[in-house]
Every structure is written in structure tokens, then in C-alpha cells.
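Listed below are the residues making up each chain.
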Amino acid sequence: MKESKKMLLHYITGLGIVIAGGVHLFTVFLAGPYVQNLAFSGGAFSVIAVYRNLVLALTLELLLVFVDYHALNGLRIILIEFHQSTRWERGVSWILVVTGILLLIYGTRTVLIANALT
Amino acid sequence: MAESLTSDLKRALLGWFYPVKYNLERWAYALQRISGLAVTGYFLAHIVETGNVVGGLDVWSIPATSHAQDVWTATFRFLDNPMFDIGLVVIGFMLVYHTINGIRLTLTEFGFLQGRPTRPDFPYEPKSFTKVQRALFWLSVLFATATAVYALNVFFGV
């Protein structure tokens, strides 16, 4: 992928995080008492209630995808500005891609299973 | 010519993240990187933390709800600690700074707020860092501080 395309994706995911992250922070801090929202169940925006709401669960999954790309691409930018060589750049990219995929799998598992919990 | 990895890393860590004696744009840059790293650290921890909503690392099929609830309640109790709360106050600051300063960077990336090229004159302030950009930078610091105060109030009820 061209570097310019990676950076365009960086800005797009950044904007996506502002929106999806805004919804996420709203459901945790502003929609009712904070302690109730972080309890397993009991409130309209408690943890399980949020995951079982399809729209909110989808928002969390999108947020996961956006942050995963944005954070690891950010690390890549920092690391390849530290030092320039093809080997270094390839090594850094591979490690970050694998890390990103593992995080995505684990996070998606959480969303899917939490959505299915009764 | 590329230098050795270790000397490059040393120079980067000593130089790039230490904006003292440089101009404001350099401060904005260093803070953007530092806040990005801080929020990335939080993201990693948060994926592990929220993984406990369904029962933790070894749960790969739908568990008994009571098991998930026990694990999450224990996690929440563990995290309900002033040290973690202070961490979240710092993360709140970093997150909001990174967001608003990131919007400034996005605007400049697509050619907005760039100003005109002019002759560099004493005291050689960066022409690229225009007034609107400075305002956005200070706005990000202001909102980040406000968020930290809000978080302090949520967690400690100051």
C-alpha cells in the first residue's frame, strides 16, 4: 500500500474514532450514573445492556477497528521516523500488523460473545 | 546516509520528545506523540480489561452469564483504586489533547489553515503555525484540562 493511502486511512480512522468514541464515552459517562454504567447489569447502559444493543455493539466493534488501525499505524509512523532502513521498516510493519490482527481477534471475540450473553 | 539503529534511537528519544528550547509547534508535535503513545497504552489495557466482561482470555464460547458476571465484578473491584483513577484522569487529558490537536493536523494535512509563504524575519516564528492553528492548539490544551478536572470530579468528587 502506498504511504499516502496509509496516511489517508489514518485521518479517516481518526475522524471515525471521534464519532464512535464520542458515542462510547457518552454511554459510559453521560447516560446515567457512571458506576451503574460500569456494572455488569442493572441499568439501561450497564455493560451487558450496551453489548446486547446491536447498534451500540456495532459502534464498539467499529471503534475497535478504527483505534486498532490508528494506534498501530501511529506507532509505525513514530518507529520509522526514528530510523530509516528497508529492513527496519519491514520488520516494524510485520510485527505491528500481526499485533493488530491479534488485538482485533480478541476484541471482536469480546463483542460477539458479550452480544450473545443472556 | 542512514546511521546505526541504536544511535538513531538514542537521538530520537533524547531529542524528539524533549521540546524545551524549541518553538510552540514543536511542543504541539511532541505532545501529540506522547499523548498518542499514552492512549495506545490505554487501548491495549482496555482490550484486556473489557475482555473480562465475558470472562477473560480463555473464554472462546458463550459462557454461563454468572461466570462472566463474577469475573467482570472482580475486575471492576480491582480497578476501583485511586491509582487507576489518577491514570484515567491523565488519559482523559491525553485523549482530548490528541483529538483536538489531531483535528488541527487533519485540517493542515488537507491544505487548510496553512497561511502564506513569507520572508522569515526575526524572531523567526514558524509561519506555517498560523494564528488559527495556535488557537486550536491552545483550545486543545484548554479542553484537555477541563476534561481532567471533570474526570477528577467523577472519580474523587472534588
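For the structure, check the block above.
The rules behind these values
- In every chain, residue numbers begin from 1 and rise along the written sequence.
- Written order decides the labels, with chains lettered from A and ligands numbered from 1.
- Local features in this predicted model are restricted to residues of pLDDT 70 or higher, and side-chain atom pairs are both shown and tallied only at a pLDDT of 80 or more, whereas totals for entire chains, interfaces and linings draw on every residue.
- Strands are runs of DSSP state E lasting at least two residues, helices are runs of H or I lasting at least four, and both sets are numbered from the N terminus onward.
- Throughout, the radius of gyration refers to the C-alpha atoms, and the reference size of a globule is 2.2 Å times the residue count to the power 0.38.
- Neighbour counting defines burial: a residue surrounded by 20 or more other C-beta atoms within 10 Å of its own C-beta is buried, one with 12 or fewer is exposed, and intermediate counts give partly exposed, using backbone-placed C-beta atoms.
- By the convention adopted here, residues are in contact when the distance between their C-beta atoms, placed from the backbone, does not exceed 7 Å.
- One less than the residue count of a helix, multiplied by 1.5 Å, gives the span that helix is expected to have.
- Joining buried Ala, Val, Leu, Ile, Met, Phe, Trp, Tyr and Cys residues through C-beta atoms within 7 Å gives a set, and that set is a nonpolar core.

Colleague: Describe the overall build of chain B, and please don't skip the residues or the numbers.
Modeller: Looking only at helices and strands, chain B has five helices and zero strands in total. For chain B, the succession of helices and strands along the chain, N to C, is α-α-α-α-α. In terms of C-alpha radius of gyration, chain B reaches 21 Å, well past the compact-globule figure of 15 Å for 158 residues. For chain B, the spread of C-alpha atoms along the three principal axes comes to 70 × 45 × 30 Å. Burial status across chain B gives 23% buried among its 158 residues. At a minimum sequence separation of 6, the contacts of chain B that also span at least 24 residues come to 63%.

Colleague: So what's going on with helix 1 (residues 3-30) of chain A? Which residues, and what values?
Modeller: Residue and element names in this part refer to chain A. The end-to-end C-alpha distance of helix 1, which contains 28 residues, comes to 38 Å, matching closely the 40 Å that a straight helix rising 1.5 Å per residue would cover. For helix 1, the complete set of buried residues consists of Thr-13, Gly-14, Ile-17, Ala-20 and Thr-27. Positive backbone phi, approximately 90°, marks Gly-32, located one or two places after helix 1.

Colleague: Which residues make up the environment of Thr99(B), and what values go with them?
Modeller: Looking at the element boundaries, Thr99(B) is found in helix 4 (residues 82-109). Here Thr99(B) falls in the buried class, since 20 other C-beta atoms lie within 10 Å of it.

Colleague: Break down the nonpolar core for me, citing the residues and quoting the values.
Modeller: Within the largest apolar cluster, 24 residues are counted, with the highest numbers of intra-cluster contacts made by Val47(A), Leu63(A) and Ala114(A). Only helix 1, helix 3 (47-52), helix 4 (54-82) and helix 5 (86-116) of chain A together with helix 3 (65-79) of chain B provide two or more residues apiece to this core. Once you skip the residues sitting within four places of it in the chain, Ala114(A) turns out to touch Ile48(A), Tyr51(A), Val53(B) and Val54(B).

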